[in-house]
Amino acid sequence: MEQEVIDSEMVLPTHLSFKKIQMYEKYPKGQARGRHWKHLKQIIQAENYQNYPADEPNYVNIESPPSMHPRKQICDITGYEAPYSDPRTHLRYANTEVFKVIRSLPNEYVQRYLALRNAAVVLK
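Per chain, the residues get numbers from 1 upward, laid out in the order the sequence is written. Side-chain atom pairs in this predicted model are given and counted only at pLDDT of 80 or more, local residue features only at pLDDT of at least 70, and totals for whole chains, interfaces and linings cover all residues. Note that the side-chain values use all heavy atoms of the structure and ignore hydrogens as well as water.

Some remarks on unusual backbone geometry
Link 1 in the chain: Phi is positive for H90, close to 65 degrees, though the residue is something other than glycine.
Link 2 in the chain: Think of it this way: any DSSP run of H or I at least four residues long counts as a helix, any run of E at least two long counts as a strand, and we number them from the N terminus. Within the element layout of this structure, H90 appears in the loop between β1 (84-85) and β2 (92-93).
Link 3 in the chain: Per-residue accessibility, obtained with a 1.4 Å probe over protein chains only, is compared with the maximum for each type, and a residue is labelled buried under 20%, exposed over 50%, and partly exposed between these values. Look at H90 and you get partly exposed, because its relative accessible area is 35%.

Here's what the structure looks like:
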């Protein structure tokens, strides 16, 4: 330090409010430093799920009714969300580039893509 500061005998506080707290001050030796994550088995053991009613949803009986939303249509080529469907081949596509690829595919490949989606359509 500079000699003038030492000579003035200024007393600085040990902690300044705008500075981050040092790790050794925040966590004294022997304390855990991070967040302790519980596994599902530990959560189930900690909670007494036997005391809950059977129809109340919890970690043990995570069952839900079918979704009320329609299924998302996925592009058969890229895997992106597909707002369009080709009327000739019945393949779904995401954009114009994929549409050009679909139209250039041989009939055999189109049948394979449809078989992957379990849409058994016989093209003429």
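Quick word on the pattern of salt bridges
Link 1 in the chain: Should a side-chain nitrogen of Lys or Arg be within 4 Å of a carboxyl oxygen of Asp or Glu, the pair is scored as a salt bridge. Under the definition given, this model contains three salt bridges.
Link 2 in the chain: The salt bridge partner of R117 is D76, with a shortest N-O separation of 2.7 Å. Pair noted here: R117 is in the segment after α5 (107-116) and D76 is in the loop between α3 (40-46) and β1, with a separation of 41 residues, a long-range link.
Link 3 in the chain: R117 sits in the partly exposed class, given a relative accessible area of 23%.
Link 4 in the chain: With its nearest N and O atoms 2.6 Å apart, the salt bridge here joins R103 to D86. In this pair, R103 sits in helix α4 (residues 96-104) while D86 sits in the loop between β1 and β2, placing the two residues 17 residues apart along the sequence.
Link 5 in the chain: Accessibility expressed as a relative area gives 0% for D86, which makes it buried.

Describing the packing of aromatic side chains
Link 1 in the chain: Pairing of aromatic side chains here covers Phe, Tyr and the six-membered ring of Trp, requires ring centres within 6.5 Å, and sorts the geometry by plane angle: under 30 degrees stacked, over 60 edge-to-face, intermediate tilted. Under the definition given, this model contains two aromatic pairs.
Link 2 in the chain: On the numbers, 5.5 Å between centres and 25 degrees between planes, the contact of Y84 with Y93 is stacked.
Link 3 in the chain: Looking at Y84, the relative accessible area reads 44%, which means it is partly exposed.
Link 4 in the chain: Relative accessible area serves as the criterion here: at 13%, Y93 is assigned to the buried category.

Let's talk about the nonpolar core
Link 1 in the chain: Working definition of a nonpolar core: buried Ala, Val, Leu, Ile, Met, Phe, Trp, Tyr and Cys residues. They are joined through side-chain atoms within 4.5 Å. Counting residues in hydrophobic clusters, the biggest one holds 10 residues: C75, A82, L91, Y93, A94, V98, I102, V110, L114 and A119.
Link 2 in the chain: Of all elements in the fold, only α4 and α5 reach the threshold of two or more residues within this core.
Link 3 in the chain: Apart from residues no more than four positions distant in its own chain, Y93 is found in contact with C75, A82, P83, Y84, S85, D86, V98, F99 and I102. Note on contacts: a residue pair qualifies if any of its non-hydrogen atoms lie within 4.5 Å across the two residues.

Bear in mind that shape data such as this cannot, by itself, settle questions of function.
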